[in-house]
Structure formats: C-alpha cells, structure tokens
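Spelled out, the chains give:
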Amino acid sequence: MFLHPGIIALTLGSVIVLLLVFFASALGIKIIRRWDIKSSSEEQLMLERKTYLVSTLVQYALLFEVVSIFLFIYTAEDIHTLLAGAMCATGSLNANPFGFPALYAKIAVFFTAASWIAVNHLDNKAEDYPLIKMKYKLLLAALVLLITEFILQFLYFLKIEPDVITSCCGVMFSEKGKGIASSLASFPPLPAMILFYSLFAVTTATGAAAYKQQRKPFTYLLSIFTFMFFIFSIAAIISFISLYFYQLPTHHCPFDILQKEYYYIGYPLYAFLFAGSFLGIMAGVVERFKKIPSMNRIIPAAQKRWALYSIIFLTIFTLIASAPIILLPFRLY
Amino acid sequence: MIKTENITKDFNKGMRDEVTAVKDVSIEINKGDFAVLKGPSGSGKTTLLSLIGCMSRPTSGRVLVENRDVSRLPERFMTKVRRNTFGFIFQQFHLIKGLTVSDNVMLPLYPTDITPSELRKRAEDILNTLGMSDRKKFQVQKLSGGEQQRTAIARALINNPAIILADEPTAHLDTHLSEEFLSIMRNLQQQGKTIVIATHDPLVYEKEYVNLYIEMRDGMVRGAGRKH
Amino acid sequence: MAINKHKNILDYTLQSLLRRKFKNTGIILVFTFIIFAVSSIILLSYSLKKEAGMLLKYSPEIIVQKILAGRHELISTKIKNEIMGIPGVSKVEPRYWGYYYDSGVRANYTIIGIGVSGIENNRLIKGRMPSANEKNAAAIGREIADARIIKKDIGDSLNLQNSEGRWMEFKIVGIFESDSEILTADLIIISESAFKSLVGMPEDTATDLAVRVANETEIPTAARKIKELFPYSRPILRDEVIRTYDAVFGWRSGLILAMFAGALAAFIILAWDKATGLSAEEKQEIGILKAIGWETSDILEMKFWEGLVISLTSFMCGLILAYLHIFLLDGFLFAPALKGWSVIYPHFNLAPFIDFYQIAILMAITVLPYIASTIIPSWKASITDPDTVMRG
C-alpha cells in the first residue's frame, strides 16, 4: 500500500458509501420488522418518514458509486506508470488478483443500487407500498455486495507495490512486467462483429415488442437479451470496437477510450450501454410484481417506458460504437 | 364533500403527557357550505381543521374527502390530496419574509410540474382579482396587514382548491379588515367553493350566509346546526 | 420526467440561499479554503509529475553508471564500443555533468558539458548553445542570470573557479527561457572540453553513458547484457526513473493530504453542526412549505440543491484560487514540502496542467464528505410536521 491521492480519495469515498448504506440497512431492518401500513400509530408514521431517509441515503450512495467506478479506473490508469510492464489501466488491474474482481464488484453494486432506486420509484407510486419488505431485503443484499467491494478494493491497493529504484540495485530489468498481462483475452474481431450486430438487432426487436405489448414472453426475453447484449458489448469493446477507436490493430484496452486523447468518448459510450441495459433488464425483473393489485397499472406503464428508453439508449450506444468503424480510415479487414 | 367518522387524535400516545385533542368527532361538510368551527381556544378546532385538511392523520376513525378514505394514506399521497383539494389560510398568515408577494403566492405549486411562465401567469391573475397587482413585486414584510392577508388568500387560491380552510383568520385584524376578508370568502363561496373557518369571533359566525355551525368544546362536538 | 418541478425547486433554493447570504458565506469561505489547500497539493504534485515526464521523454532509454563501493564513480568511455555491439543498441554517448557550488550566491548549479552531437533538445534557448570545441562559451538558465548581483545577459561574462582554484571566464552565448523551467533554471552548459578542464576530469572517462535503444521491448534485455558484460556497472532504465518520480510525488502529496484529513474532519463537523442547527426562522419556513403542499421529498430535494450549490460554489472558488496559487504564484505555500529534491532551486515556473482525474479526486475528498454529512440533518428538517405552523 502506498499513499496516492487517488487511493486516498477512493478509500475515503468507499468508507462514506459504506457508512451510508450501513445506516440505511439498520433502518431497513427496523422497517422490515415493524412496518404496518394499516396502523396509524406514531411509530408507523416515524417508520414511514424513515423510508425517506433510506431512499435519500441510497440515492446518494448510488451517485457516489458512479463517481467511484470512474475514479477507480482512472486511478488504475494513473498508477500504471508505477508498475513495471503495465501499459494501461488493464495492466494495473492485473497487477494482483483483486483488481478486476474489485471493478466487477463496483459494477454489481452500481446495478443493485440502481435497481433499488427503480423498485423504490415504483413502490412509491402505490398507496399501500406493496414492495416495501422486498425492497429492504434487496438493500441488505446491496450492503453485502458493498462490503465485498470494499474489501476487494482495499486488498487491491494494499497489495500494490510500486516498482521503484532502490539504492542497493538500480535495475530490475522489468522482467516482472511480463507477469502482468497488459491486454485482455479477446474474441477474434470478425465473428465478434457479426454476433454483436445480430444481438443488437434481436435485442431492439424484442424491446419494440415489449414496448407494444407489456406481456410475459416479451418482457422476460427483453431482460435476457439486454443482459446478454451488455456482457457481449463489453466483450465487443475489447475485441474490436476499441481497435477502431485507437486505430491500432492490437490495442484492446477498454479503459483508454475514457481518456482525453480519445475525446472522452468512453463516457457516453459506457453511460448509454449501462443505462440501456439496466432499463431493459429491469423491464423483465418487475414483471412478477404485476400480480399485486395496486401495481397492475403502474408496472406496465413503467415497462413501456423502460423498454422504449432501453432501445433508444442501446441504439445510441451502438451508433457511437460504430461511428469509427464507418467514419475513420482504419480497416481491420 | 368532507366526512369524518368517529375521529380521535391523541398526541404523545402512551406517554405521560398524552393529550386527546379531538375525540370521537363525526361531522359532514357539503359542497358549497360556508362552515364555521366554533369554540374557545384549546377546544380542538385547529386539530380538527388539520385532520380535515390532510395535514395529520387521526389516531382512529376515518376521514373521507370526496368519498375517498384519506385517514390511512401515506404522507406522500396525503400531500397530493392536500395540494389538489385544499387552500389554507393561517392565523398569522405565515408568509415567507424576504420573498415578494408573487413568489409567496406561487409557493404551493413549486413542487408540481407546472412551467414557470404558467405559474407566474396564474399568480398574476389571482392577484389581479384581489386588487393586489400593483404590489406583486413588494417584499411581504413591507405590506400592510390587509395586504398581507390578501397575499395569504391569493396563496390559498393558487392551486384552485375546492375547499378553503381558515384558522382564526380574523384574530389579528380590525373590524374593517375582518369584514373585507369575509366578503372575499363569501364571494368564493358563491363561485362554488366550500369554506371552512375555525374561529371564536362572533363577527364571523354571526354572518347570515354561514350555513353550518359546528361547536366544539374539550375536543368534542357539542352541537352542530345547519341553516338553509 | 418532471423537469419543471426540479427547476422550480432549484429556483426556490437559489432564492432562499440568496436571502440568507451571510449565513452561507461563512461556510462557503471555510470550505473554499479547504478546497484551495487540497487542490493546491494535487495540482502541484501532478504538474511536477508531468514536468518530470516531459523532462524524461527526451532522456536516453538506459543510463549506465559505474559503481565503486556502492558509490557513483566516473566511467571509462572505452567500453562504448562493446556496448554498441549489444543487439538493439543504436547509440552510446558519454555524458559529462556535475554540480557547481557558487559561494557568492550560495546556490548549487548543474553543469553539463556537451559533446559533438550537442543537446538534441535545444528548443528552450534564447541565443545559441556553445559548440563542442568552444572553450569559453556558456549557455545558462534564467535563474542563474537573475541570481547574480548584476543581472547577466547575452554577451556578459561568467566566472567559474576550476578544480585548481583558478578562475575561468565564460562568455554567455545563450539563456534558457521557457514555461517549463524545472530542468533549465539552474543549468550551465559548456563544451565537453571546457567541462573537463573545469572539473579536472581524466581523459577517457565520463560521468555516465547514455545508451539509446530503438525498440522499447529490447530495453530490459540490453540492460541485462550490459550488467553481465560489466558487473561493476549500474544500468538505470528510463521507465524506472519515471516510476520512481511518480511514486515519490504520489507519496508526498498523499502524505500531505493525509495531514489535511484532520482539517477536513473538523470542517465536516462544522458542516454537520450548521446543517443541524436550523434557525427558528428556517424551521418555520419549512413548516410553512409543508403546510401549503410541499412534500417531504420536495424539502429533501431543496436541501440537496442547497448542498450542491454551496459545495460547487466553494469548489469552483477553491480550485481557481489554487490554480492561481500554483501556476501564477509558484505554489509558494506548499512547494517546499513537495519539491523536496529540488529545494536548492530559488524558484521556477510550472507549466499549467489540470485534468478530469484531478478534479474527480478533489471532488471525492471534499464535496463528497460534505454532501454526505448534510443528509441526516436535511432529513431531520424535512420531516417537520405540516401542522406545526397551525399549532403555533
């Protein structure tokens, strides 16, 4: 472990998020145990008011988590110069076994917090708050994930040692560097391209169907396809999309597109991918809440909206991803 | 329009300083009524008014607003009902100092999805009808008592409420201003709004157009009468 | 999407902040100061790092030093050809450099003797560089020119005492002037032969050898070969130098930041206190808002905007002040702690450098704790009973 401003910022941020969610969960447990919508006791009124606090805490935690993901990637990028053999953020994250798991945990926390907010949003529309207990159980799951994330991130930074010149021996020949894979294993570009665009077509088609009719096979399929599309899009970015952005046949780094040299194109790219996938997945996840009487009008309206935004966002994502393939002179084939 | 069924409101329930402010009250107010809640201070008028106006929930019993039971609604929805149905006028006006007349009038609708230009237009229209258009840019603390009161009325009307609730509105006004206030209320009633005033001022409850009296004492209804 | 609603609430928040100017000015001032301090550290350490990177970009891939009993020794230039024979090595050059202590102004200068090829990177100069066989010409850094009692300019002379105590006179033919001065501020460049006679360096020796390797991937292999051929040598890779600089800057700024954590914590407590201690007037205002139709979440949103406006205002002010402090006033408050290895420099200007990452770090250590500390007090304010105003 070494003192680096980025590492200090991330650790501080994680501690804050952890405290917020920890506090929210403590309130959540109380709400799970004592909640009684039919009661007009002062205790129930107080619990009801505490739900506002919990949702505020989770909303802020989500906001901080988004910042934290980018800060984490940027810090990995920044410290790659300290690690022999690391060429970019990928190299830094591979420097020890906790780097990538910590990033995945962050993304998982992001999705969980976002889905909590989505469920909360729906629940707050029904007068009897039917999802309340389920919602607070989800919050406990988020807490577990968050603790995992915190530990992984802490271990990652703890185990990183910068390779610096020591007074006894000047050179290490940077041989250690060979141990850090500076690139991610990637799909061969051409099959990946074909698969990527066909999956996009299928996903948007299902999305359109779910938009027209918020019925079971469509919403479930939309969930499945957007999830697949999300995973595969990440693979596609590594496999071929990044190559076109960098105009280099071998640079597969999914993080460099967040840099100034590439006009920060990675930000809109990932933002639309994450938002579009999330909404698509949620459209199917909430399907089972339709059974609840007070929800049977709220859910389809939300599904319709989410399906529409999902298609729009994923289309924008695909357009951004395809732009360099069409517009820039670089050709893989 | 508004109906209460055996409502009771306790404060600090289960504690040593438990108080029952309203006990077992059943009343009914119809559309277009000019109702007066009458009684000495501490008789529970204000608490009853806040229960009717969806500002607080009864400990037991039901409150029905336009045939909808609101007594068990979560705060989020209570507020919606309150914002859509009621206009409030408070004893001390409760205007926000430092804001202009028109800003004060617009306050209730800020958290709704109304466009700023439409909101401004609405506020201007209401201030016009109350003869306050030349005062709209004034800060409220610089207004006279009567003007402050008209500002408070304008604020109560901005959401175009069906029911206007007023709590001791004439307590701090002289006779002339009290009469002016009542005539504005009478006007609103004639336009089809329901008026409910809590007061112990004879000037109010002796008005001939008051058609419903509810007399309270010690949190209970002592008598109610309807004039046709 | 209720855009208008958010706009209206933001509008109201701004109005209410302006009404309470004086109350909020205090917190903004303190917060601005904290952000200024933290930003100064980050900006300074990143621009020093950037500066070091710029400097090293043109330096050779490998520098070979001779080590004798663990200390740096003069290296024989005769091994040059053997190193040239290592595959991948494109060029080997002896380098002549050292320090010169000037008792008149009590400063240490860096002296470099340049050979036939000269310094490739002479974009910094006003005037010209001394040529290889010029005995009495020197190019000097601006700092040396200014440090003398009489300001030196091109054409003036500079006297240096040689190893035998005799004075040597050099004519100034060039002065370095640049935005980026960490490298050149204290520099004196003279010809290789003048350097040798000034310091009394034996023939066929050099301070160290600069080895150029064209292909990045062959650098470690070449370095290993050099070490095998000349066990007394110490090859230093450019990448290692960069890494060391980075680590040192990161570590130093981290340390100072950690020291500031105390100040930050104190501020958070202040913020908490301020947010909790609502005045009677504010409490009543929230009560009125709730009574006339604002909902708990609307008040929370108002408080969110309030926190955002306060922290972003402070953030902008603090950041701009820090920028001016570092890049216009040379970071005079913190530079001594961060520069460390270059305290001998009287002063130098840094090239302005700021990016997203630094801003993100700064936000995470200042705005984020502030916002988090206001959540609970805001909530407490927001749950005011709507009927409080009626109860009087």
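Residues numbered from 1 in each chain as written. Chains lettered and ligands numbered in written order. Predicted model: local features only at pLDDT ≥ 70, side-chain atom pairs only at ≥ 80, totals over all residues.

A word on the interface of chain A and chain C
What counts is decided by this rule: Note on contacts: residues are paired as contacts if their backbone-placed C-beta atoms lie within 7 Å. Helix and strand assignments come from DSSP, with helices taken as H or I runs of at least 4 residues and strands as E runs of at least 2, each series counted from the N terminus.
Across the boundary between the two partners, chain A contributes 35 residues, which contact 40 residues of chain C. At the level of secondary structure, the elements contributing two or more residues to the side of chain A that touches chain C comprise helix H1 (5–34) and helix H2 (42–79) of chain A. A total of 12 residues in the side of chain A that touches chain C trace back to one element, the largest contributor, which is H2(A).

With respect to the pairing of strand E8 (residues 163–167) of chain B
For a regular strand, the rule is simple: side chains alternate between the two faces of the sheet. Residue and element names in this part refer to chain B. We apply this condition: Note on burial: count the other C-beta atoms lying within 10 Å of the residue's C-beta; 20 or more is buried, 12 or fewer is exposed, in between is partly exposed, and C-beta positions come from the backbone. Paired strands, in this sense, are two strands between which DSSP finds at least two bridges. By convention, a crossover is right-handed whenever its connection, traced from the first strand over the helix to the second and viewed with the strands pointing away, goes clockwise.
Most of E8 is tucked away: five of the five residues are buried. Side chains Ile163, Leu165 and Asp167 project from E8 onto one buried face, and the interleaved Ile164 and Ala166 project onto a second face that is buried too. Summarising the sheet, strand E7 (residues 86–89) and E8 pair through four bridges and their orientation is parallel. When the bridges of E8 are listed, Ile89 appears paired with Ala166. Across five bridges, E8 lies against strand E9 (residues 194–199) in parallel orientation. Bridging across to E9, Leu165 finds its partner in Val196. Between the parallel pair E8 and E9, the chain is carried across by helix H6 (residues 175–190), and the sense of this crossover is right-handed.

Concerning the domain arrangement of chain A
All names here are of chain A. Keep this limit in mind: As annotated, the domain borders come from an automatic or database domain assignment. All residues other than Ala, Val, Leu, Ile, Met, Phe, Trp, Tyr, Cys, Pro, Asp, Glu, Lys and Arg, Gly among them, are scored as polar; the first ten of these are nonpolar and the last four charged.
In terms of domains, chain A is made up of domain 1 (5–163 + 172–177) and domain 2 (184–327). If you average the C-alpha positions of domain 1 and of domain 2, the two centres end up 23 Å apart. Going through the elements one at a time, H2, helix H3 (89–93) and helix H4 (99–123) are the ones with two or more residues in the side of domain 1 that touches domain 2. No other element matches the five residues that H4 contributes to the side of domain 1 that touches domain 2. Each residue belonging to the side of domain 1 that touches domain 2 can be placed in one class, and the counts come to 10 nonpolar, two polar and four charged.

Structural notes on unusual backbone geometry
Leaving glycine out, the prevailing phi sign among residues is negative, and the prevailing peptide bond configuration is trans. Phi is positive for A:Tyr263, which is not a glycine, with a value near 55 degrees. Here A:Tyr263 is to be found in the loop between helix H7 (216–246) and helix H8 (266–285). Under the C-beta neighbour-count criterion, A:Tyr263 is labelled exposed, with 11 such atoms within 10 Å. One non-glycine residue, C:Asp204, lies in the positive phi region at around 60 degrees.

Some remarks on the packing of helix H6 (residues 189–212) of chain A against helix H9 (residues 298–327) of chain A
All names here are of chain A. Our working rule: Axis geometry follows a simple rule: fit a line to the C-alpha atoms, using only the stretch in contact for helices, then measure angles between N-to-C directions, giving values from 0 to 180 degrees. Orientation labels follow simple angle bins: below 35 degrees gives roughly parallel, above 145 gives roughly antiparallel, 65 to 115 gives roughly perpendicular, and whatever is left gives oblique. Crossing handedness is defined as follows: a turn of the near helix away from the far one that is anticlockwise and smaller than a right angle gives a left-handed crossing, while the clockwise case is right-handed.
Interaxial distance between H6 and H9 falls to 8 Å at its minimum, and their mutual angle equals 155 degrees. The angle between the axes of H6 and H9 places the two elements in the roughly antiparallel class. Pair H6 / H9 crosses with left-handed handedness. Facing H6, whose interface residues are Phe200, Thr203, Thr204, Gly207, Ala208, Ala210 and Tyr211, H9 presents Gln303, Lys304, Ala307, Leu308, Ser310, Ile311, Leu314, Thr315 and Thr318.

A closer look at the sheet that holds strand E4 (residues 34–38) of chain B
Residues and elements named next belong to chain B. Ordered by their spatial adjacency, six strands build an open sheet running E7-E8-E9-E4-E10-E11, and the pairing between neighbours is mixed. Each edge of the sheet is formed by a strand with only one pairing partner; in this case those strands are E7 and strand E11 (220–226). Between one strand axis and the next, the sheet turns through 15 degrees on average, direction left out of account.

Overview of the interface of chain B and chain C
Contact with chain B, which involves 28 residues of that partner, is made by 25 residues of chain C. With five residues, the single largest contributor to the side of chain B that touches chain C is helix H2 (residues 75–85) of chain B. Looking at the side of chain B that touches chain C, its residues break down into 11 nonpolar, nine polar and eight charged.

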